[in-house]
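Read off the chains here:
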Amino acid sequence: MFNVLLYRSSPEGPADLSVRALIEYLQTSRRFELTISQQPPTLADLSRFEVLVLASNWLPEAEMAQALVTFVKRGGGLVCLGESADRWGTIPLLTANLGLPGHGYRPPTGELIVRVSATSDHPLTRRLYAGYAHDHYAGLDMDTAFPLTDNFFLSENVINSDNSQPLLLVSWQGARRPVAWVQALGEGGFFYTGLGAAASSWASPVFQQLVFRAINYVACARTGETAEKNPIRVAMLGYGAIGLEHGTAVTQVPGLEFGVVCDRNPSRLEEARRSFAGIKTFEDWQQIRDDRDTDLVIISTPPNSHASLALQMLEAGKHVVVEKPFCITTREADALIAAADKAQRTLTVYQCRRWDPDYLAIKAAVERGLIGEVFHMETFIGNFSHPCDYWHSDMAVSGGVFYDWGSHYLDWILGLMPGKVQSVSGFAHKRVWHDVTNEDQARVTMRFEDGREAEFMHSDIAAALKPKWYILGTKGAIVGQWRHEAVKTRRWSGDLIEERLSPSEALPVVTAYLRQEGGPIDEQKLALPPAPVFPFHRNLANHLLNGEPLAVTSQQARRNIVVMEAARRSAGEDGQFIKVEC
């Protein structure tokens, strides 16, 4: 644990929304303590803090300039963001020691294409998550470029040090210009990026990630602790329908290595060996528990076995990823969280749909206040079709219909509606499909501490569909309508073959309805962003190898279980509201 001082002087101060987004991201780390100041750093600060982060156009006096160089040489970390070093080119001591550009200017703010330097394979830029899918994506090209609306310091004299390593470049009028680099100086480290001058960058996930890594890197420059060690060796326990998805992600994300698949079904093991050459296969889960080469286990067995298997793996010292649902009961969730804390191992849940484009678009709209304060939300999935006869439809194994799509939809609701849930009601129907034990239809209603409410419905007996999303705010509404799509092909004879897709297989059309002064309602289609590439597994690798904040925490997963367990209990009590605290 080390101490970090962040200096940013602005009219908005640290309460500014964009600044707050970065600060909240940095404060989720357990690696350092963050202090924010609107006053320039002093000589005394250089003895109190291990890392100094500058994000203001500040020109140190001669004594302070010398102290900064000494601070870094003696093992301190210095991070300069945005305009912080624009005027430092006038101080020869700083340019000579820190490799800063000389005189220059900032072009207008606009969308920049930021690229990872082709010569850089560096912990600061490896697996940068930009949430951006490339048309030319192949292999690991997902790490090479991302857009950012910002500006940078443009100077003909780009870098004044042979020891500086360029990390990020931007295309500017036919040339590639370095906009971020790192440099070792004595026992310490220095990181600079001209990006971050535009406040909106501070709210960008990729910029937040870059700043976090820069702080961590320069703090540990003299020890080499930031250099990634051996890759995380991953085992998969249960190789069902999701096996290929996990295996592909693990093999494509740098820092993860797919080592073992365990399943009781020999044909599935054979399928895994065909798909992933060189992996070991086991038929007994205890072989994974006892395998010293395995660092992390992805548990993809039926839900009623999640808790017991995850507990065994945690106690054996493995990091654990559990397929959703996390488990069945809150008691199980608490036991797993306690075991992970005791073993000091990572425990997370594969909430892959947090990166669905419609959810990302709605979350961004809600967070920027497009429809005001959200106070009512309804979500729905279903159709009128026979449920499968696999374990998904067996209540004793799956937990029931509340635990199926509810694992995703309730997670969405909890992500979009902050604050505590006070009570939960559940109601279920069993009227048509008697050959399976799951309910035919289930509804969950949540009441929040400030009077807001949310509802999720899953129905296998709905001949007419409700909207996927129906969200009301104090300034408008957001509605997501299902699309009814079909895949069309031709027989050898030329006849048309038309296969209707399930509603869940196509992204919805999402529309915002915004009330204008005087009463007119404007309609605005929300553009859905590209789907990120392997975002969960990239975050997992970044967390385990770099200490970055975990996207899906075990406490978040626990909230989901609290709600689903309460809903199931309420359904057995004619839908009575059950008090909860989550």
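To keep things clear, this report deals only with the structure shown in the data block.

The rules behind each value
For every chain, the first residue of its written sequence is number 1, and the numbers climb from 1 along that sequence. Local features in a predicted model are, by the rule used here, given only for residues with pLDDT of at least 70; side-chain atom pairs are given and counted only at 80 or more, and totals for whole chains, interfaces and linings are based on all residues. Computation of side-chain values covers all heavy atoms of the structure but excludes hydrogens and water. Helical segments are the DSSP runs of H or I of at least four residues, strand segments are the runs of E of at least two, and each set is numbered from the N terminus. Using C-alpha atoms as the atom set, the radius of gyration is obtained and then compared with a globule rule of 2.2 Å times the number of residues to the power 0.38. Working definition: with a 1.4 Å probe on protein chains only, accessible area under 20% of the residue-type maximum means buried, over 50% means exposed, and in between means partly exposed. Residue contacts follow a heavy-atom distance rule, with two residues in contact if any of their heavy atoms lie within 4.5 Å. Accessible surface area values rest on a Shrake-Rupley calculation with a 1.4 Å probe, where residue burial reflects the displayed protein chains alone. Counted as positive: Lys and Arg. Counted as negative: Asp and Glu, with His and the chain ends omitted from the count. By convention, the point assigned to a charge is CZ for Arg, NZ for Lys, CD for Glu and CG for Asp. Think of it this way: DSSP has to see at least two bridges between two strands before they count as a pair. Think of each axis as a best-fit line through the C-alpha atoms, taken over the contacting stretch in the case of a helix, with angles from 0 to 180 degrees between the N-to-C directions. We call a set of buried residues a nonpolar core when its members are Ala, Val, Leu, Ile, Met, Phe, Trp, Tyr or Cys and they connect through side-chain atoms within 4.5 Å of each other. Each Phe, Tyr or Trp ring (for Trp, its six-membered ring) is paired with any other whose centre lies within 6.5 Å, and the angle between the two planes then decides the class: stacked below 30 degrees, edge-to-face above 60, tilted in between. In our convention, an over-ring charge means Lys NZ or Arg CZ found within 6 Å of a ring centre and within 35 degrees of that ring's normal. These descriptions rest on fixed angle ranges, namely under 35 degrees for roughly parallel, over 145 for roughly antiparallel, 65 to 115 for roughly perpendicular, and the rest for oblique. Ten residues, namely Ala, Val, Leu, Ile, Met, Phe, Trp, Tyr, Cys and Pro, are considered nonpolar, four, namely Asp, Glu, Lys and Arg, are considered charged, and the remaining ones, Gly among them, are considered polar. A side-chain nitrogen of Lys or Arg and a carboxyl oxygen of Asp or Glu constitute a salt bridge if their distance falls within 4 Å. Each residue after the first adds 1.5 Å to the expected span of a helix.

### Quick word on the overall build of the chain
Here is step 1: A tally of helices and strands in the chain yields 15 helices and 26 strands.
Here is step 2: Taken over the C-alpha trace, the chain has a radius of gyration of 26 Å; the compact-globule value for 582 residues is 25 Å, and the two agree within 12%.
Here is step 3: Taken along its principal axes, the extent of the C-alpha atoms in the chain is 80 × 70 × 60 Å.
Here is step 4: Buried positions account for 55% of the 582 residues belonging to the chain.
Here is step 5: The long-range share in the chain, meaning contacts at least 24 apart out of those at least 6 apart in sequence, stands at 71%.
Here is step 6: Of the roughly 26200 Å² of accessible surface on the chain, 48% is carried by carbon and sulfur atoms.
Here is step 7: Of the side-chain charges in the chain, 56 are positive and 67 negative, and the distance between the mean point of each set is 1 Å.

### Section: the side chain of His408
Here is step 1: Summarising the element assignment, His408 is placed in helix H13 (residues 406-416).
Here is step 2: Accessibility expressed as a relative area gives 8% for His408, which makes it buried.
Here is step 3: Dropping the residues within four chain positions of it, His408 is found in contact with Lys324, Gln351, Cys352 and Arg353.

### Structural notes on the sheet that holds strand S1 (residues 2-7)
Within a beta sheet, neighbouring strands are joined by backbone hydrogen bonds and run either parallel or antiparallel to one another.
Here is step 1: The strand order across the open sheet formed by nine strands is S2-S1-S3-S4-S9-S8-S7-S5-S6, and the pairing between neighbours is mixed. Each having just a single partner strand, strand S2 (32-37) and strand S6 (145-150) make up the two edges of the open sheet. Averaged over all neighbouring strand pairs, the angle between strand axes comes to 20°, with direction disregarded.

### Looking at the nonpolar core
Here is step 1: Judged by nonpolar contacts, the single largest core of 99 residues is most densely connected at Phe326, Met446 and Ile478.
Here is step 2: Counting residues per element, this core draws most heavily on helix H15 (residues 554-571), at seven residues.
Here is step 3: Sequence-distant contacts of Phe326, defined by excluding residues within four places in its chain, comprise His306, Ala333, Leu336, Leu347, Val349, Ser554, Ala557, Arg558 and Ile561.
Here is step 4: In this structure, Val4, Leu26, Leu154 and Leu195 belong to the second largest nonpolar core, which totals 44 residues.

### Looking at helix H11 (residues 357-367)
Here is step 1: Residues Pro357, Asp358, Tyr359, Ala361, Ile362, Ala365 and Val366 constitute the buried set of H11.
Here is step 2: Looking at the buried side of H11, the elements it contacts are strand S16 (374-382), H13, strand S20 (469-473), strand S21 (476-481) and strand S24 (509-515).
Here is step 3: Remark: Gly369 follows H11 within two positions and exhibits a positive phi of approximately 75°.

### A few points about the packing of aromatic side chains
Here is step 1: Under the definition given, this model contains 18 aromatic pairs.
Here is step 2: Between Tyr7 and Trp58, the ring centres sit 6.2 Å apart and the planes meet at 85°, which makes this aromatic pair edge-to-face. Highlighted residues: Tyr7 in strand S1 and Trp58 in the loop between strand S3 (51-54) and helix H3 (62-73), separated in sequence by 51 residues.
Here is step 3: Of the aromatic side chains, those joined through ring pairs into one cluster are Tyr359, Trp405, Tyr409, Trp412, Phe456 and Trp469.
Here is step 4: The ring of Phe577 carries Arg447 above its face, with NZ or CZ at 3.8 Å from the centroid.
Here is step 5: Sitting over the ring of Phe448, Arg452 keeps its end group 4.8 Å from the ring centre.

### What to know about the packing of helix H9 (residues 306-315) against helix H10 (residues 330-343)
Here is step 1: Look at H9 against H10: their axes get within 9 Å of each other, and the N-to-C directions meet at 10°. The pairing of H9 with H10 is recorded here as roughly parallel in orientation. Between H9, through Ala307, Ala310, Leu311 and Leu314, and H10, the contact on the second element is made entirely by Glu332, Ala335, Leu336, Ala339, Ala340 and Ala343.
Here is step 2: Its residues assigned to classes, the contact of H9 with H10 shows nine nonpolar, no polar and one charged.

### Some details on the pattern of salt bridges
Here is step 1: All chains considered together, the criterion is met by 23 salt bridges.
Here is step 2: Across the salt bridge formed by Lys488 and Glu498, the nearest N and O atoms sit 3.7 Å from each other. A residue pair is termed long-range when its members are at least 10 positions apart, and Lys488 in strand S22 (residues 486-490) and Glu498 in strand S23 (residues 496-500) qualify at 10 residues.
Here is step 3: Note on Glu498: relative accessible area 47%, which makes it partly exposed.
Here is step 4: Ionic contacts of the salt-bridge type, sharing partners, join the residues Glu378, Arg443, Glu455 and Lys466 into one network.

### Topic: helix H14 (residues 535-546)
Here is step 1: If you check H14, its first and last C-alpha atoms are 16 Å apart, about what 12 residues at 1.5 Å a residue would give, namely 16 Å.
Here is step 2: Buried residues dominate H14, accounting for 11 of its 12 residues.
Here is step 3: What H14 keeps buried is the set Pro535, Phe536, His537, Arg538, Asn539, Leu540, Ala541, Asn542, Leu544, Leu545 and Asn546.
Here is step 4: Phi for Gly547, located one or two positions after H14, is positive at around 75°.

### Examining the pairing of S24
Here is step 1: By the bridge criterion, six bridges tie S21 to S24 in an arrangement that is antiparallel. Pairing of Ala477 across the sheet is with Tyr513, part of S24.
Here is step 2: Relative to strand S25 (residues 521-525), S24 runs antiparallel, the two being bridged by five bridges. Note that in S25 the partner of Arg515 across the bridge is Ile521.
Here is step 3: If you look at the hairpin formed by S24 and S25, you'll find five residues sitting between the two strands, and Gly518 has a positive phi there, around 95°.

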